[in-house]
Amino acid sequence: MDIKAVHALPHATHGPAAITQLLASPDQRTTHSVCCYCGTGCGVRIHSTGQHVLAVDGDDSHPSSLGQLCSKGRTLAATVHHGHSRILKAQWRADKTGVRHDIALTDACDLAAGRLAETISRHGPDAIGFYLSGQLLTEDYYVFNKLARALVGTNNIDSNSRLCMSSAVSGYKLTLGADAPPASYEDLDHADTVLIAGSNMAFAHPVLFRRLEAAKLRRPGMKIIVVDPRRTDTAEIADLHLPILPGSDVALFHAMLNVLVWDGLVDLNYIKLHTSGFAALKQRIHEFTPGATQDICGVPAADIVLAARWFGQANAALSLYTMGLNQSSSGTAKNAALIHLHLATGHIGRPGAGPFSLTGQPNAMGGRETGSMATLLPGHRDPNNAEDRSAMANLWGADQLPDTPGKTAVDIFDAVLQDKIKVLWIAATNPAQSMPDQARVRAALEKAELVIVQEAFNNTETLAYADLILPAATWPEKDGTMTNSERRVSRVRAAIKPPGDARPDWDLVCNIARRLAARIAPHKAGMFSYDSEADIFAEHVRTTAGRDLDCSALDYGVLEREGPQQWPYPPADGVRRPSARLYEDGIFATKDGRAHFFDTGYVPVAESVSPKFPLRLTSGRMRDQWHTMSRSGLVPSLTRHVDEPLIYLHPDDMQRHKISNGALTRVRTRRGSVILPASADTTLRPGHAFVHMHWGSSFIAGDGVNALANSARDPISQQPELKHSAAGVEALHFPWHAQAWLQGSAPALRQKLLPWLRRFPYAVLIPSAIGGESVRLRLAGPSRIAPELLDELVRDIGLDTPDLAFDDPARGVVRRLVRDDGVLRAWVLAGDTIAADALLQWADTGHAPLNASQIFTGRSAPAVRARVICTCGNVTDQAIQQALDRGLDLDALKSSLECGITCGSCLPELRRMVGQHTQTEYSSHA
C-alpha cells in the first residue's frame, strides 16, 4: 500500500514509520466496503487494527470504481472517532428552554415510544413526521418506512433525496415507466457523444469524471457537450460549452429536438415501434427553433444546432445530468425533455447510449427502492394506488396501510407551522442547513412539540433544536447495503464497533418500534424482531419480486461470493436477466410497454431578476467537501482548496456595484441575507453570482447560505428550486475587523468558539490545515466592540498572557501571539488585521520572520497566501506557477511536484493553469 494514501486518525500520533508498522502488524485487518459520500458508490478497503481505522484506499475489485477514489474518499480515515465530534450518549431535555443531559439509551427509547404513542392518541398518526437521509443504508431505510406506514400509520415520511433526486425519479417514471437509470458506468467507455447537463462532474462525481477523461484520451473523436451557466472544471473538457441562462434547459432540449426532426436525425422506426406521444411533442417544439431559442437560453443558435447534430449523428449518445436539472421548479420537465432526445433518436438500451441521472447521495437509490419517500412504497409501488397499498400490507402482515397522501420535505416543515405535525423524527440529515428558506425551517423546528434527532456527529445545526438525541453509528461502524447510480447493490461492512452508546440506525428504530407497538398495537411487535441486517435485506428484496427492480434473488451470500450486483437480479427462471443496461429489447416499464413522450412546455425560473434583485444567484459544490460538512469538515486538509465562504461575482458586476475583491458584501434574496467576502470570477457571465452550498450557521453568522435559497417547487416531483434565486448585493464598509488563528483540535476549538458567530453581523469560524490542525476566526462589525467583549474574545482564544503583544488600547487594537521555539501556536488581531496574511504564512510554513514587530505593525512586505490546488500532495498554486515559469508542461508538473497523480481531482485546474500560462507566453511573444 502506498504510504502517501495513509491518513492517520486525529486521536493518533503515529508518524509514517509507525503507521507502516501498524499496517504490517499481525492484527491489522482489511475490510472491503463502500465510500459514504456521493452516489458513485466507490469500493474502499478499510485498514484497521483493534478499534482504530488506520487508512482507507480504493478497492481494485469493485466494478464501479476500479480502485479509484477522490480526495474525500481518500481521507475517510481522518473522519473516524474524533473525540470532540461524535455523539456517544442519548440526550434529553424535558422542555424547550431546558438544557439537554445524558440519559441511558434504554430510557431514550422508552421516552421516544411513549411520546410517539401519546401524540398518536391525542392527534392521530399524521401528527408524526419522519425526515430521513440518502446516507442511511437500505436496511435502515426499510425499517423506518415499515415503522411509519405499518405501525404508526402515516405516509408522512420523506427523505432529503427530495432535495436532490425526486425530479429525476419523476422524469424517469413519466417517460420510461419506472425510476430506473437505464445506463451503466461502462457506457462512458463506448459513447461517441456525451452530453453533460447541470452537473459539475469534476467536483460532484470526480471518479466518474476521471473515467470520462480516460475515455476521451483513448478516443479523441468523442464529442463532449457541457451545458452549464458557469464555465466549471467539467466544462474544461468540453468540445462545446453551452453557458445557458439558469433554468432554460427545457427550451434548449426542445430546440435540439427541433433540429433533430428538421435534419432527419430522429429514428422514426424506433419511435413507431417503442414510443407514444411523439406527435403532440413534435407539434409543441415547432416554436422552439434555434433562432427563437437563443434569446431564451442565451447561447448562439449555431451552437444549439451543432450540439443537436453531434447528438443525433453519434452511433451512441450518452447524457449525464444531476442537480442543475433536478433542483428546479420545473425539474421534472427538464429531465423529461432530455430523455426525449434519447427516445427520438433511439439512443437508449445499447452500449454507450442512454439518459443517465447521476445520484447525489450514496444511497438515495436504496431509499427509493425501499419506498422511503412520501410518494413511494417499497418495490417502486405507489401509495396512492389501492392495489399497491394492499400488496404491501400483505407483505408486512398489516391490516392496511394509510391512504392519506404523505407530506414531502418542504410540506413536512410547513405542516409543523400549521399545527398539523407535532413530532419530527430526523435521521442522518441536517435540515437546519440543507433545506431552502432557512428562516421558515428553523421556525418549524422551534415550534414542534418534540424533535427527535438520530445523529452520529455533534456538529450539525439541527442538533440545536433537538429535544431527544439518539446516538447513531456511522461509516465504518455499520453493516448493510447501498445502491449506487448504476443500480449496483454493494455490501457495506463494519470495520470497527460503534463508540459509546451509538447503535446502527435500524437497531435504534426497531428498539423504539417494539416499545411503541407494545403501547398501540401489541400484535405488531414481531414485525421488528430482526436478528441481523441480513434478515432485513431478505425481507426487502422480497418486496421487489416481479417488479421492474426485481432483485429477489439477491442475498448477502450472493454479494459475498460474487461481489456487487446490478438490478434487476431476479431468480434464474425469471423472464428478465441481470443486465448492465435496461430496455435493450425496447420494452419499457409502462402498462403498454412503450416509452412515453411527455408534452411539456418551457417555464422560466420561479424568480426573475428585478432592479432590487438584479443577479441570478446559483449554488453548487466545492471539490473537496460534502453537503453540510459534518464529516468532511473534520479533515483539515480538505479545507485548503477553498478555505472560506465567498460570493463569486463577475468583475463587471463588482465594478457596477462598487465592490472590490475581498470586500464584504451583503447578499440578499426575498427570504434572507448573508454577509460574505466577494471574489472576482470570470467563469460567470455578467449578471450572475455563485455561492457554495455547504456553508451553514455552524461556520458563518446568520442562518447559512440556504437562508437565501428558494423553496418554490416542481409541481410533480415537489423538489425545491435550490439552484436559483434572484439576488442583490451591496458593499459593506465595516470599520472594525478581527482575525484569529489557533492550533489544536478543530472540532474542540469550534465548539468553544461557536458563540462568537452569533455576536457579529459578519463572522466565520472554519477548520484549517494551516500549521497542522487548527481553526480560523474572522469577525467584523459596524462599530468598535466594547473593551470587556474584546477581553472576553482574547481570553477565549487563549491569548490573555501572550508571548508577544503590540496592543493599542486607545484605538481598541489588539495584536497578540503565542509561539513555541519560533513555531506559532495562536494569534489574534483586533481592530487592525493588516498582518493577518503574513501571520497565516508564518503559521503555514513554520518560517519565523526576523522581526515579528514589523509584521504586527504592517511594515513587512505584504504576504500573498498560497492556495492548495492538489489536496493529496499539498501542492500550491504558487509552486505550480513557479514550475510553469521554469518551462514544465503538465506531465513534468505531475512527475516533479507529484500533483494530479493520486486521486486526480485537481487535474482540470492543473490543465487550466497550464493553458493560461501557455496563452500568456504566446501573447507575450506575439
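Source: prediction; values computed, not measured.

*Asks:* Kindly report on the overall build of the protein chain, identifying the contributing residues and their values.
*Replies:* The secondary structure content of the protein chain amounts to 30 helices and 34 strands. Among the 926 residues that make up the protein chain, the fraction classed as buried is 63%. For the protein chain, contacts bridging at least 24 residues in sequence account for 71% of all contacts bridging at least 6. Accessible area for the protein chain stands at about 32000 Å²; split by element, carbon and sulfur atoms hold 50% of it. Between the mean site of the 93 positive side-chain charges and the mean site of the 97 negative ones, the protein chain shows a separation of 2 Å.

*Asks:* Which residues make up helix H11 (residues 290-297), and what are the values?
*Replies:* Within the sequence span of H11, burial applies to Pro290, Thr293 and Cys297. The buried residues of H11 occupy one face: seen down the axis, they fall within an arc of 65 degrees. Lining the buried residues of H11 we find helix H8 (249-262) and helix H12 (301-313). Note on H11: the residue one or two positions beyond its end, Gly298, has a positive phi of about 80 degrees.

*Asks:* With reference to specific residues and values, describe helix H4 (residues 138-152).
*Replies:* In a regular helix each residue adds 1.5 Å, so 15 residues correspond to 21 Å; H4 covers 20 Å between its end C-alpha atoms and thus fits that length. Positive backbone phi, approximately 90 degrees, marks Gly153, located one or two places after H4.

*Asks:* Quick rundown of the pairing of strand E9 (residues 223-227)? Include the residues and the values.
*Replies:* Most of E9 is tucked away: four of the five residues are buried. Bridging between strand E8 (residues 193-197) and E9 involves five bridges; their strand directions are parallel. Bridge pairing in E9 links Thr193 to Lys223. Judged from the three bridges that link them, E9 and strand E10 (residues 240-242) form a sheet pairing that is parallel. Looking at the pairing, Val226 lines up with His241 of E10.

*Asks:* Outline the sheet that holds strand E1 (residues 29-34), supporting the account with residue identities and numerical values.
*Replies:* With antiparallel pairing, three strands are arranged side by side in an open sheet as E1-E2-E3. Because the sheet does not close on itself, it has two edges, and the strands there are E1 and strand E3 (52-58). The mean inter-strand angle of the sheet, taken between neighbouring strand axes irrespective of direction, is 30 degrees. One ladder, built from six bridges, connects E1 with strand E2 (residues 43-49); its direction is antiparallel. In the sheet register, Thr31 faces E2, and the bridge partner there is Ile46.

*Asks:* Hey, could you go over the nonpolar core for me, with residue numbers and the actual values?
*Replies:* Within soluble globular proteins, side chains that are nonpolar tend to cluster in buried spots. Core analysis: the biggest nonpolar cluster contains 65 residues, and Leu176, Leu195, Leu242, Leu252, Phe253, Met256 and Leu341 have the highest contact counts within it. Residues contacting Leu242, with those up to four places away along its chain left out, are Ile225, Val226, Val227, Asp228, Leu252, Val299, Asp303 and Ala307. Ala112, Leu136, Ala148 and Met527 belong to the second-largest nonpolar core, a separate cluster that totals 52 residues.

*Asks:* I'd like to hear about the packing of aromatic side chains, residue by residue, with values.
*Replies:* Considering all chains together, one arrives at 14 aromatic pairs under this definition. On the numbers, 5.7 Å between centres and 85 degrees between planes, the contact of Tyr131 with Phe413 is edge-to-face. Remark: Phe413 occurs in helix H17 (residues 409-417) and Tyr131 occurs in strand E6 (residues 128-132); sequence separation between them is 282 residues. Among the aromatic residues, those joined into a ring-pair cluster are Phe130, Phe144 and Trp425. For the cation-ring pair, Arg230 lies above Phe690, with the distance from its terminal atom to the ring centre recorded as 3.6 Å.

*Asks:* Break down the state of the cysteines for me, with residues and values.
*Replies:* Applying the stated criterion across every chain, the model contains zero disulfides. Free cysteine Cys42: the closest other cysteine sulfur is in Cys38, separated by 5.9 Å. Cys42 sits in the buried class, given a relative accessible area of 7%. Lacking any disulfide linkage, Cys109 is separated from the closest cysteine sulfur, that of Cys510, by 11 Å. Here Cys109 falls in the buried class, since its relative accessible area comes to 3%.

*Asks:* Please set out the sheet that holds strand E17 (residues 480-483) residue by residue, giving values where relevant.
*Replies:* The antiparallel open sheet is built from three strands, whose spatial order is E17-E18-E19. Of all strands in the sheet, those with a lone pairing partner are E17 and strand E19 (565-566), marking the two edges. Two elements, E17 and strand E18 (residues 488-492), share four bridges in a ladder whose sense is antiparallel. By the bridge assignment for E18, Thr483 is matched with Val489.

*Asks:* Pulling in residues and values, what's your account of the layout of surface pockets?
*Replies:* Taken as a whole, the second largest pocket spans an internal volume of roughly 980 Å³. Taken together, 41 residues form the lining of the second largest pocket, with Lys173, Gly177, His380, Asp382 and Arg547 sitting closest to its centre. The element that contributes the greatest number of residues to the lining of the second largest pocket is helix H5 (residues 166-175), accounting for five residues. Partitioned by chemical class, the residues of the lining of the second largest pocket number twelve nonpolar, 16 polar and 13 charged.

*Asks:* Lay out the packing of H5 against helix H14 (residues 331-345) in plain terms, naming residues and giving numbers.
*Replies:* At their nearest, the axes of H5 and H14 sit 8 Å apart, and the two run at 45 degrees to each other. One way to sum up the angle between H5 and H14 is to call them oblique. Seen from above, H5 lies across H14 with right-handed handedness. Within the contact between the two elements, H5 uses Ser167, Ala168, Ser170, Gly171, Tyr172, Leu174 and Thr175 and H14 uses Gly331, Thr332, Asn335, Ala336, Ile339, His340 and Leu343. Split into classes, the residues belonging to the contact of H5 with H14 amount to six nonpolar, eight polar and no charged.

*Asks:* Could you give an account of the environment of Arg671, with specific residues and numbers?
*Replies:* For Arg671, the position within the fold is in the loop between strand E23 (664-668) and strand E24 (673-680). Of the residues examined, Arg671 reaches a relative accessible area of 19% and is grouped as buried. For the pair Arg671 and His81, spaced 590 residues apart in sequence, the C-alpha to C-alpha distance is 37 Å. A distance of 3.0 Å separates a polar atom in the side chain of Arg671 from the backbone oxygen of Leu708.

*Asks:* Hey, could you go over the environment of Leu888 for me, with residue numbers and the actual values?
*Replies:* By secondary structure assignment, the location of Leu888 is in the loop between helix H28 (877-885) and helix H29 (890-897). For Leu888, a relative accessible area of 19% puts it in the buried group. Sequence spacing of Leu888 and Val914 is 26 residues, and the spatial spacing of their C-alpha atoms is 9.0 Å. Contacts of Leu888, omitting those with residues within four sequence positions, involve Ala883, Leu893 and Ser896.

*Asks:* Before we move on, could you go through the side chain of Ser184 and cite the residues and values that matter?
*Replies:* By secondary structure assignment, the location of Ser184 is in the loop between H5 and E8. Judged by its relative accessible area of 1%, Ser184 falls in the buried class. There is a polar contact of 3.0 Å between the side chain of Ser184 and the side chain of Gln566. For Ser184, the residues in contact, after removing those within four places along its chain, are Phe356, Glu486, Arg487, Gln566, Ala580 and Arg581.

*Asks:* Requested: an account of the pairing of strand E25 (residues 688-692), with residues and values cited.
*Replies:* When you tally the buried positions in E25, you get five out of five residues, the bulk of the element. Burial of E25 is two-sided: the residues His688, Phe690 and His692 facing one way and the residues Ala689 and Val691 facing the other way are all buried. Judged from the five bridges that link them, strand E21 (residues 615-620) and E25 form a sheet pairing that is parallel. Residue Gly620 lies in a different strand from E25, and its bridge partner there is His692. As defined by bridge partners, strand E22 (residues 647-649) adjoins E25 across three bridges and the pair is classed as antiparallel. If you follow Tyr648 over to E25, its bridge partner there is Phe690.

Rules of the game
- Residues numbered from 1 in each chain as written.
- Predicted model: local features only at pLDDT ≥ 70, side-chain atom pairs only at ≥ 80, totals over all residues.
- Heavy atoms only, no water.
- Helix = DSSP H or I, 4+ residues; strand = E, 2+ residues; numbered from the N terminus.
- Buried < 20%, exposed > 50% of the residue type's maximum accessible area, 1.4 Å probe, protein only.
- Contact = heavy atoms within 4.5 Å.
- Areas by Shrake-Rupley, 256 points an atom, 1.4 Å probe, with all protein chains shown as cover.
- Lys, Arg positive; Asp, Glu negative; His and termini not counted.
- Charge placed at Lys NZ, Arg CZ, Asp CG, Glu CD.
- Arc of directions from axis to C-beta.
- Expected span 1.5 Å × (residues − 1).
- Pairing = 2+ DSSP bridges.
- Axes fitted to C-alpha atoms, helices over the stretch in contact; angles between N-to-C directions.
- Core = buried A, V, L, I, M, F, W, Y, C linked by side-chain atoms within 4.5 Å.
- Phe/Tyr/Trp six-rings, centres within 6.5 Å; stacked < 30°, edge-to-face > 60°.
- Lys NZ or Arg CZ within 6 Å of the ring centre and 35° of its normal.
- Disulfide = S-S within 2.5 Å.
- 1 Å grid on protein atoms, 1.4 Å probe; cavity = no way out; pocket = protein on both sides within 12 Å on 5 of 7 lines; lining within 4 Å.
- Points joined across faces, edges and corners; volume = space filled by probe spheres on them.
- Nonpolar A, V, L, I, M, F, W, Y, C, P; charged D, E, K, R; others polar.
- Parallel < 35°, antiparallel > 145°, perpendicular 65-115°, else oblique.
- Left-handed = near helix turned anticlockwise from the far one by under 90°.
- Polar contact = N/O pair within 3.5 Å; in protein donor to acceptor, adjacent residues only side chain to side chain.

Bear in mind that shape data such as this cannot, by itself, settle questions of function.
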